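Residues per chain, in single letters:
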Amino acid sequence: MGVRHAVVAGGGIGGLAAAVALNRRGWRVTVCERAPVLTGIGAGIVLAPNALRALESTGLGPDVWAGEALLGPVGLRTPDGAWLSRTGAGAMSSRYGPPARAVHRGSLIDALAAALPPGVVRLGVAVTGVDDTGDTGDTGDTGDTGDRRDRRDTVVVRTSAGDLRAEVVVAADGMRSVLRGQLFPQHPGLRHAGEAGWRAVLPGVGPPPRSAAETWGRGERFGIVPLVDGRIYVYATAVCATTASGPRTQPADLHAELTRRFGAWHDPIPALLDRLGRRNPDPVGVLHHDFYELASPLPRFHSGRVALLGDAAHAMTPNMGQGGCQAIEDAVVLAHLLAADADVPAALAAYTKARHRRTTRISRRSRRIGELARLSHPLAVSARNLAVRATPSAVTSRALDAVLGWQPPPGPAPTVRA
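Let me sum up the structure you'll find in this document. (Residues numbered from 1 in each chain as written. Predicted model: local features only at pLDDT ≥ 70, side-chain atom pairs only at ≥ 80, totals over all residues. Heavy atoms only, no water.)

1. Regarding the sheet that holds strand E8 (residues 127-131)
Spatially, three strands are ordered E8-E9-E10 in an open sheet, and the strand pairing comes out antiparallel. Pairing within the sheet leaves two strands with one partner each, and these edge strands are E8 and strand E10 (162-166). Each adjacent strand pair in this sheet contributes to an overall mean axis angle of 25°, direction not counted. One ladder, built from four bridges, connects E8 with strand E9 (residues 155-159); its direction is antiparallel. If you follow Gly129 over to E9, its bridge partner there is Arg158. (Pairing = 2+ DSSP bridges. Helix = DSSP H or I, 4+ residues; strand = E, 2+ residues; numbered from the N terminus. Axes fitted to C-alpha atoms, helices over the stretch in contact; angles between N-to-C directions.)

Below is the structure:
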């Protein structure tokens, strides 16, 4: 039997991580990305210890996240600057190993794409559906490498550039996944999470901050995260509601809206907002979007020879910073189970078993944190802040053990295929 072929729908972090992991487990991979270029829209991402271990297990080391770790305290503050809680980076590192790194999403995507052989990523090609009902008479790219496969053991992938045939399909096509809609048409789909967010990346000026913090107000939040390359990732959230007629109208001036909401908060927030208004080298400027999640878990993360991964499988709110990290975990576990001559349907069933419960728990926990952060009544906010202050940092750290202490599946080191 020749080299087996996997088609990955989506060239985001999860899709590219899956492509790298599968390629290094002996699969020939084709990544179909509908966009004409690979982009890192989304600004920053914090690679928590669990994600760093997952990347290392695929052979991707510090070259992916070269730069300074988050070495200062990480925690929550109030708009006047008082700390609600903070945990030293030393304590986190001694508990979980590699200290978290914050990188620009574009840098991470570039590093993942560079780890793939030439020609793997096909840009401007959208996956529109799958057909695993057998021989359909297609004349497109079969994905063969010299042998004629039993078509009962493959699936036809419909794309905007013609059909592909593969032994497995990875649906990493995002929270509005086309393949999820086809495979689970009865699922209710995305639900609005009650918040909207702003994101931007600022150039570093002077010594960069070494710690990250999030400030909670009344239904509003502001976060500051130094990236490994010296830039600063800032984000903000605010309570919002959907309208009966569809998406909300966005503020005409996003910077003015941010200044109105957060301009009187503690330093260095006003200075960062001022810099954002005067100079932002990122061509997308300030990103603004509503938050959505798959509040109702899918019944499983596979169907036939298709595995769903990342936001396509378990889109979650960003309150724990685990959306991208869980997609990377998905990729590593999936590739591990599909290694060697594994039976694909059995491997995908095992993938669901390994990932469904964990991601569902993390998604629910993230939702609960968002509910606390959205509190706006003064009495409720005071009670929340008092409870956070009264919780010992050791208790907070132990509560994260199940998330940050995750270990990749054991096994032989993957090999790099040219």
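After that view, the rundown keeps rolling.
2. Structural notes on the packing of helix H6 (residues 254-262) against helix H7 (residues 269-278)
Packing of H6 against H7 leaves a shortest axis separation of 10 Å and a crossing angle of 170°. Here H6 lies roughly antiparallel to H7, going by the angle between them. Residues His255, Leu258, Thr259 and Phe262 of H6 touch H7, and the partners they reach there are Ile269, Leu273, Leu276 and Gly277. Residue composition of the contact of H6 with H7, by class: five nonpolar, three polar and no charged. (Parallel < 35°, antiparallel > 145°, perpendicular 65-115°, else oblique. Contact = heavy atoms within 4.5 Å. Nonpolar A, V, L, I, M, F, W, Y, C, P; charged D, E, K, R; others polar.)

3. As for the packing of aromatic side chains
Scanning the entire structure with this criterion turns up three aromatic pairs. With a centroid separation of 5.6 Å and 40° between ring planes, the pair formed by Tyr233 and Tyr235 is classed as tilted. Each member of the pair Tyr233 and Tyr235 is classed as buried. Ring centres of Phe262 and Trp265 lie 4.9 Å apart, and the angle between their planes is 85°; this geometry places the pair in the edge-to-face category. You can call Phe262 buried: its relative accessible area is 0%. (Phe/Tyr/Trp six-rings, centres within 6.5 Å; stacked < 30°, edge-to-face > 60°. Buried < 20%, exposed > 50% of the residue type's maximum accessible area, 1.4 Å probe, protein only.)

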